[in-house]
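# A look at the structure
Now for the letters of each chain:
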Amino acid sequence: MTTSVLSVASEAVPLIKTGGLADVAGALPGALRPHGVEVTTLLPGYPSVMAAIGKSRTVHRYDDLLGEEATLVAFELGGNRFIALDAPAYFAREGGAYADANGHDWQDNWRRFAALGRAGADLASGGVKRQRFDVLHAHDWQAAMATAYLRFAPAKAKCVPPSVMTIHNMAFQGYFPSAIFSRLGLPDSAWAIHGVEYHGGVGFLKAGLESASAITTVSPSYAREIKTPEFGMGLDGLIVTHADRVTGILNGIDNQTWKPASDTQLEQTFTARTLPRRLANKRSLEAEFGLDEADGPLFVVISRLSWQKGMDVLLEVIDHLVGIGGRLAVLGSGDPAIENGLQDCEARHPGRVSIRIGYDEALSHRMQAGGDAILVPSRFEPCGLTQLYGLAYGCVPVVARTGGLSDTVIDANVAALAAGTGTGVQFNHVTYSELVAALDRTVALYAQPAIWRRLQRNGMACDFSWSISGKAYADLYASLIA
Ligand code: ADP
């Protein structure tokens, strides 16, 4: 028997992406189908989503969805089922999914994503004709109100399925002033410590966590870390209280999109057996970034340029990286001070450091294929995907020992080298001295070609596809509907 799941997310490839959440929400349908689970993904009707809809069917019309007209439009894309919340007042606007072109959060984000949650709860609890789901699965704060509406204000009280709330990043919680509560359409009973109330305001993620039947996060280590004040971002107490409902399920990667043997975006495809062919990718990447050809390793960074990602510490170590013979290519955007700092470094080290500010999916593939090592110095990292793509592409990850980074990279320490099992370099704290030591270690490993090749091949042999995690989600759903 097929289990039907409504996955509610604010982004999913190939329709809209700002980060790893989109990769995961986009991959879940394919990951779960082999396990008898059919996923329908509910997304906001951003311009990029509406533009991609071909043949479609209107499944519901709202005259008043938290004050605006809206339509639910069902369609298929790439063999997967989607429903778009077509609500022009909320989503038909230029700019980003969450912020305007200047990076300022949309003022009405609470209403935009409460509306998404309301629609998700309606779909899952019998409020929309011919739509029935066995489980509702909400991702991050933007979708979290779906579980809260399901609990406190379902369309039909007799049709409430179990729900899963997945935390992709505890740092983003959707916290709003108490004044919005009366406009959410929730009963007064929802204004409670075990409801939506959070420090005197409304916490969307908090409400989702309190309301869901099960809580997951995206790596086993992060599931442990969020029980502590350092990583719990104020919600550690709640996570400890509900510890019996919390599990960590590692994200997988889409190994058809991220496959160096057949990646059409590359200068030269390659496998673990034909590693020397990577060189053509490195040469073309150097040319593309205007970097000198040189003997030392070419480091790459593909990242949001933020404090979480340790990009401020990266800035501090760039002179050292260049001093020990490394070169650096960065692709990313974010904090203006970090963007400016990186551009200063580029000016200081022509031919050695090169920066592309922006978002470029194809270039990110070419960087994984042409770089020698990918730097991921995150202060916290729920799962992290770029290190997984690095492993798949023979671009050795150099990572902070936190969250999913520590779960997926095997440090090439003496024991691991002796056993031939290392896949990268890990360091403990995101500080100048520890990152410098990690860079020194990486350069020394790179200078030993046989060992370096071993690291690359070990990484390429890892299976981080969805096969294991898809089954883990399917088992979780099954346990909830049993
Ligand atoms: P997060 O979701 O916290 O930003 P992840 O490592 O989980 O970090 O996922 C980031 C995703 O976004 C990866 O697929 C990565 O390749 C991609 N990415 C990040 N920045 C860029 C960029 N500037 N251009 C292209 N892809 C990017």
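Reading the values: rules and limits
Residues numbered from 1 in each chain as written. Predicted model: local features only at pLDDT ≥ 70, side-chain atom pairs only at ≥ 80, totals over all residues. Heavy atoms only, no water. Near = heavy atom within 4 Å. Polar contact = N/O pair within 3.5 Å; in protein donor to acceptor, adjacent residues only side chain to side chain. Helix = DSSP H or I, 4+ residues; strand = E, 2+ residues; numbered from the N terminus. Axes fitted to C-alpha atoms, helices over the stretch in contact; angles between N-to-C directions. Parallel < 35°, antiparallel > 145°, perpendicular 65-115°, else oblique. Left-handed = near helix turned anticlockwise from the far one by under 90°. Contact = heavy atoms within 4.5 Å. Nonpolar A, V, L, I, M, F, W, Y, C, P; charged D, E, K, R; others polar. Buried < 20%, exposed > 50% of the residue type's maximum accessible area, 1.4 Å probe, protein only.

## So, the site of the ligand
Lining the immediate surroundings of the ligand are 19 residues, of which Lys-17, Gly-20, Asp-23, Arg-304 and Gly-358 lie closest. In this structure, Asp-23 approaches the ligand through a side-chain N or O atom, which is 2.9 Å from an oxygen atom. A distance of 2.9 Å is found between an oxygen atom of the ligand and a side-chain nitrogen or oxygen belonging to Lys-309. Listing elements by their share of the shell around the ligand, those giving two or more residues are α1 (20-32), β13 (298-305), β14 (327-334), α13 (361-370) and α14 (386-392). Of all the elements, β13 adds the most residues to the shell around the ligand, at three residues.

## As for the packing of helix α11 (residues 311-323) against helix α12 (residues 336-348)
In the contact formed by α11 and α12, the axes pass within 10 Å of each other and the chain directions differ by 15 degrees. With respect to each other, α11 and α12 are oriented roughly parallel. Seen along the crossing, α11 lies across α12 with a hand that is left-handed. Between α11, through Met-311, Asp-312, Leu-314, Leu-315, Ile-318 and Asp-319, and α12, the contact on the second element is made entirely by Ile-338, Gly-341, Leu-342, Cys-345 and Arg-348. Of the residues in the contact of α11 with α12, the class split is seven nonpolar, one polar and three charged.

## Considering unusual backbone geometry
A cis amide bond, omega 5 degrees, links Val-13 with the succeeding residue Pro-14. Among the secondary structure elements, Pro-14 is positioned in the loop between β1 (3-8) and α1. Phi is positive for His-199, close to 50 degrees, though the residue is something other than glycine. Within the secondary structure layout, His-199 lies in the loop between β9 (197-198) and β10 (201-203). Among the residues examined, His-199 registers a relative accessible area of 63% and is labelled exposed.

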